[in-house]
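Structural description and commentary
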Amino acid sequence: MTAAPSPKPRPVDITFDRELCELVLDTAPRLFAVVQVCGDSSADADGWVAAWGLAEPDGPTHVISLDGRARLTLASPERALRHFAGHPGITARLVWLAHPNTAALDQPKAA
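Rules and cut-offs
- Residues numbered from 1 in each chain as written.
- Predicted model: local features only at pLDDT ≥ 70, side-chain atom pairs only at ≥ 80, totals over all residues.
- Heavy atoms only, no water.
- Phe/Tyr/Trp six-rings, centres within 6.5 Å; stacked < 30°, edge-to-face > 60°.
- Helix = DSSP H or I, 4+ residues; strand = E, 2+ residues; numbered from the N terminus.
- Buried < 20%, exposed > 50% of the residue type's maximum accessible area, 1.4 Å probe, protein only.
- Salt bridge = Lys/Arg side-chain N within 4 Å of Asp/Glu carboxyl O.
- Polar contact = N/O pair within 3.5 Å; in protein donor to acceptor, adjacent residues only side chain to side chain.
- Patch = residues over 30% accessible without salt bridge, like charges linked within 9 Å, V, L, I, M, F, W, Y side chains within 5 Å.
- Areas by Shrake-Rupley, 256 points an atom, 1.4 Å probe, with all protein chains shown as cover.
- Core = buried A, V, L, I, M, F, W, Y, C linked by side-chain atoms within 4.5 Å.
- Contact = heavy atoms within 4.5 Å.

As for the packing of aromatic side chains
Across all of its chains, the model carries 1 aromatic pair by this definition. With centroids separated by 4.9 Å and ring planes inclined at 50°, the aromatic side chains of F32 and W96 adopt a geometry described as tilted. Of this pair, F32 sits in strand 1 (residues 30-38) while W96 sits in strand 5 (residues 90-96); the two residues are 64 residues apart in sequence, bridging distant segments of the chain. The buried category is assigned to F32, whose relative accessible area is 0%. Since its relative accessible area comes to 32%, W96 is described here as partly exposed.

What to know about the pattern of salt bridges
Pairing between side chains of opposite charge can happen when the charged atoms of each approach one another. Applying the stated criterion across every chain, the model contains 1 salt bridge. Of the charged contacts, one joins D67 and R69 as a salt bridge, the two residues approaching to 3.9 Å between their closest N and O atoms. Here D67 and R69 have matching classes, each one exposed.

Details of the side chain of S65
On the secondary structure map, S65 appears in strand 3 (residues 61-65). Looking at S65, the relative accessible area reads 9%, which means it is buried. Among the polar contacts made by the side chain of S65, one reaches the side chain of D67 at a distance of 2.6 Å. At 3.3 Å, the side chain of S65 and the backbone nitrogen of R69 are in polar contact.

With respect to a nonpolar patch on the surface
A surface patch of nonpolar side chains, about 470 Å² in accessible area, is lined by L31, V49, W52, L54, L66 and L97. With 3 residues, strand 2 (residues 46-55) is the largest single contributor of residues to the nonpolar patch. As for its position among the elements, W52 is in strand 2.

Notes on the nonpolar core
Formed by F32, V34, A50, A51, A55, V63, L74, A80, F84, A92 and L94, the largest nonpolar core amounts to 11 residues. When contributions to this core are tallied by element, the ones reaching two or more residues are strand 1, strand 2, helix 2 (79-84) and strand 5. Here this core gets 3 residues from one element, more than from any other, and that element is strand 2. If near-sequence neighbours (up to four positions away) are discounted, A50 is found in contact with V34, V35, Q36, S65, L66 and F84.

In structure tokens form, the structure reads like this:
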């Protein structure tokens, strides 16, 4: 026999929630796109997103191509550039999404 859940929700510990959010921000990977560009000048240049990546603060970088066929684990985000700039006339660039400075916990929903 199992105990029935308490009908009262547990009180929210604001300090603990704040500490969890700070922990998440301190360890969050950075998100970036690998963009392929063709064309020599900005007047005739064209570009597209070729892959997305996660750069861990003190660890490897994980990259997955947009079509899902290539999955790479690399030492740094810059190493991804050589995998996406191999064709003549095509260069690759990293575009970083802004590092978030806020975090929020989802509130549990009542069952």
